[in-house]
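Single-letter residue listing:
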Amino acid sequence: MKRPGRLGTGIGWRPEIADAVEAMPGIDWVEAVAENLCPGHLPESLLRLRERGVTVVPHGVSLGLGGADRPAEDQLTALAERAEALGSPLVTEHIAFVRAGGPLTASPLLEAGHLLPVPRTRDALDVLCENVRIAQAALPVPLAVENIAALLAWPDEELTEGQFLYELADRTGVRLLIDVANLHTNHVNRGEDPAKALAELPVEAIAYVHVAGGFERDGVWHDSHAHPVPPQVLDILTDLASRVTPPGVLLERDDNFPEAGELERELAAIRRALDVAAPSETATTQATASATADASVAEPDQAPDSTPARQRLALAQTALLSALVAGTPAPEGFDRVRLGVQSRALGAKRADVVAKVAPELPEILGAGYRPAFLAYAHGHPMSDGYRHDALDFAAYLLFGGQPGSAETPEDTERLRRLREWWLDRSGPAPRSQRPTARLARATRRVLLRR
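Residues numbered from 1 in each chain as written. Predicted model: local features only at pLDDT ≥ 70, side-chain atom pairs only at ≥ 80, totals over all residues. Heavy atoms only, no water.

Peer 1: Give a description of the confidence of the model for the protein that names residues and reports values.
Peer 2: Detailed conclusions should not be drawn from predicted coordinates in areas where pLDDT is low. Looking at the protein as a whole, its pLDDT mean stands at 88, while 86% of the residues score no less than 70. Ignoring residues within four places in sequence, the model shows residues 284-298, a span with pLDDT below 50, making 27 contacts including any to other chains. (pLDDT = per-residue confidence, 0-100. Contact = heavy atoms within 4.5 Å.)

What follows is the structure, encoded as structure tokens:
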């Protein structure tokens, strides 16, 4: 299996900026969210880019390699299918957990709807290494994993971020996707020195680099991917590029998309930050050789049975996620203020994503959508993805929530439209011509879920 070669300068492909990306000069490659792609029905924009020779890399966000459970076979198969459909040289995912609970803890499964940090402990590292090897064996191309941003820190961590990533790469041979914006986030939120993290990294394992923007509020940096790239992030990029020539650098933007001209100016700023750096000839040669040579994947170490480590990790992650999404007490050792910030951020993200996957809901509920959803989210953890979350939210309003008390004709009309929307989407089959029977079946499903 060949390691991916040089990628160049790229940008995150999103449907909202697809036309602008196609028209941009100097784009060598793009990255697309894997879960938003269907191999048999790829967007025409991506197909046109592929025909022009632009590399497309699928970027997964829901595998949860840092979670206590082994990666789901169906999710690995889906990621492999996307890599093959796009002719990609590699696929990427995150060092994060996105769900917790389930059989390992004999508790309900909880979904975060967001990337959450893995504790930098020996247990978590052992589990992550095994999960990465499982993923590597299932994928047709090399895997690279990304360091994530965090609003909070785990207590009693045993390794720094650089040490954690070094051991991961050393034990598995996995490539690294280094997000310099996330290094800046962890600098502000956790007091971690980006230069120290870079100094501890195995730079020869870097597959490519992410650059993105965010904003600071009340001393907390939010990695929004919806704001311009700040100078501090470009400085970290320059520091990294002074140590090694990264095979690829990519600008990420996920929301609040600006005009094409602004994106092009951000790409130009990234290129200037790279030009300022002057890595040594030895480092450059080493990185180039690593990027083009055959992979020398590390031999699996003879680890003991991972079940005890998985169970300990499962309990810890479930306690944290439950505190964030279900209102249970904060686990010992965590900063309660930061937990509150993270909890509110998760609720706000759920509201935003549900509004995108079910745009009829904010249209029906108007200004009442967001406060109603946040009230719902506080006591109703997500357990089965955003589309089910939208249906559960509508059911919550119709069967005991507060969408309005039908005191005015507008309230009555709002409830009628919400009920019609829910009935149309709450079952596996098209809506019955007998609404009463359909309502009874849907109501039973809601009660069973509870």
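Peer 1: Residues and numbers for the side chain of glutamate 146, please.
Peer 2: Checked against the element boundaries, glutamate 146 lands in strand 7 (residues 143-146). No salt bridge is formed by the buried glutamate 146; its nearest oppositely charged neighbour, arginine 14, is found at 8.8 Å. A polar side-chain atom of glutamate 146 sits 3.0 Å from a polar atom in the side chain of histidine 94. Apart from the residues lying within four places of it in its own chain, the contact partners of glutamate 146 are His59, Glu93, His94, Ile95, Leu177, Asp179, Asn182, His210 and Glu252. (Helix = DSSP H or I, 4+ residues; strand = E, 2+ residues; numbered from the N terminus. Buried < 20%, exposed > 50% of the residue type's maximum accessible area, 1.4 Å probe, protein only. Lys, Arg positive; Asp, Glu negative; His and termini not counted. Salt bridge = Lys/Arg side-chain N within 4 Å of Asp/Glu carboxyl O. Polar contact = N/O pair within 3.5 Å; in protein donor to acceptor, adjacent residues only side chain to side chain.)

Peer 1: Which residues make up the pattern of salt bridges, and what values do they have?
Peer 2: Enumeration over the complete set of coordinates arrives at 24 salt bridges. Note that aspartate 239 and arginine 243 form a salt bridge whose closest N and O atoms lie 3.0 Å from each other. Note that aspartate 239 and arginine 243 are positioned in helix 8 (residues 231-243) at a spacing of four residues, about one turn of the helix. Note that arginine 350 and aspartate 389 form a salt bridge whose closest N and O atoms lie 2.8 Å from each other. Of this pair, arginine 350 sits in helix 12 (residues 336-357) while aspartate 389 sits in helix 15 (residues 385-398), and the two are 39 residues apart along the sequence. Within the structure, one salt-bridge network assembled from shared partners comprises Arg120, Glu157, Glu161, Arg190 and Glu192.

Peer 1: Which residues make up the packing of aromatic side chains, and what values go with them?
Peer 2: Each aromatic ring pair is characterised by the separation of its centres together with the angle its planes make. Inspection of every chain in the model, using the stated rule, returns nine aromatic pairs. Judged by centre distance (5.0 Å) and plane angle (65°), the rings of phenylalanine 373 and phenylalanine 393 are edge-to-face. With phenylalanine 373 in helix 14 (residues 369-379) and phenylalanine 393 in helix 15, this residue pair connects regions lying 20 residues apart in the sequence. The pair formed by phenylalanine 373 and phenylalanine 393 is uniform in burial state, with each residue classed as buried. A ring pair is formed by tyrosine 376 and phenylalanine 393, whose centres lie 5.3 Å apart and whose planes are at 50°; its orientation type is tilted. Pair noted here: tyrosine 376 is in helix 14 and phenylalanine 393 is in helix 15, with a separation of 17 residues, a long-range link. The same class applies to tyrosine 376 and to phenylalanine 393, which are both buried. Counting every residue linked through ring pairs, the aromatic cluster contains Tyr369, Phe373, Tyr376, Phe393 and Tyr396. (Phe/Tyr/Trp six-rings, centres within 6.5 Å; stacked < 30°, edge-to-face > 60°.)

Peer 1: Can you break down the packing of helix 12 against helix 14 residue by residue, with the values?
Peer 2: One way to put it is that helix 12 packs onto helix 14 with a least axis distance of 9 Å and a crossing angle of 125°. On the basis of the axis angle, helix 12 is oblique to helix 14. When the axes of helix 12 and helix 14 are compared, the crossing they make is right-handed. Across the interface between the two elements, Gly347, Ala348, Arg350, Ala351, Asp352, Val354 and Ala355 from helix 12 touch Tyr369, Arg370, Phe373, Leu374, Tyr376 and Ala377 from helix 14. In terms of residue class, the contact of helix 12 with helix 14 is built from nine nonpolar, one polar and three charged. (Axes fitted to C-alpha atoms, helices over the stretch in contact; angles between N-to-C directions. Parallel < 35°, antiparallel > 145°, perpendicular 65-115°, else oblique. Left-handed = near helix turned anticlockwise from the far one by under 90°. Nonpolar A, V, L, I, M, F, W, Y, C, P; charged D, E, K, R; others polar.)

Peer 1: Hey, could you go over the packing of helix 6 (residues 180-190) against helix 8 for me, with residue numbers and the actual values?
Peer 2: Packing of helix 6 against helix 8 leaves a shortest axis separation of 9 Å and a crossing angle of 115°. Here helix 6 runs over helix 8; the crossing is right-handed. Seen from helix 6, the contacting residues are Val180, Ala181, Leu183 and His184; seen from helix 8, they are Gln232, Val233, Ile236, Leu237 and Leu240. A breakdown of the residues in the contact of helix 6 with helix 8 according to their chemical character gives seven nonpolar, two polar and no charged.

Peer 1: Which residues make up helix 14, and what values go with them?
Peer 2: What helix 14 keeps buried is the set Tyr369, Ala372, Phe373, Tyr376 and Ala377. Seen from one end, helix 14 has its buried residues packed into an arc of 130°, which puts them on one side. Exposed and oriented more than 90 degrees from the buried face of helix 14 are Pro371 and His378. (Arc of directions from axis to C-beta.)

Peer 1: Quick rundown of unusual backbone geometry? Include the residues and the values.
Peer 2: One non-glycine residue, alanine 106, adopts positive backbone phi at about 50°. Relative to the elements of secondary structure, alanine 106 occurs in the loop between strand 5 (97-102) and strand 6 (107-116). A relative accessible area of 75% means that alanine 106 is categorised as exposed. One non-glycine residue, asparagine 256, adopts positive backbone phi at about 50°. Within the secondary structure layout, asparagine 256 lies in the loop between strand 12 (248-251) and helix 9 (260-276). On the accessibility criterion, asparagine 256 (47% relative accessible area) is partly exposed.

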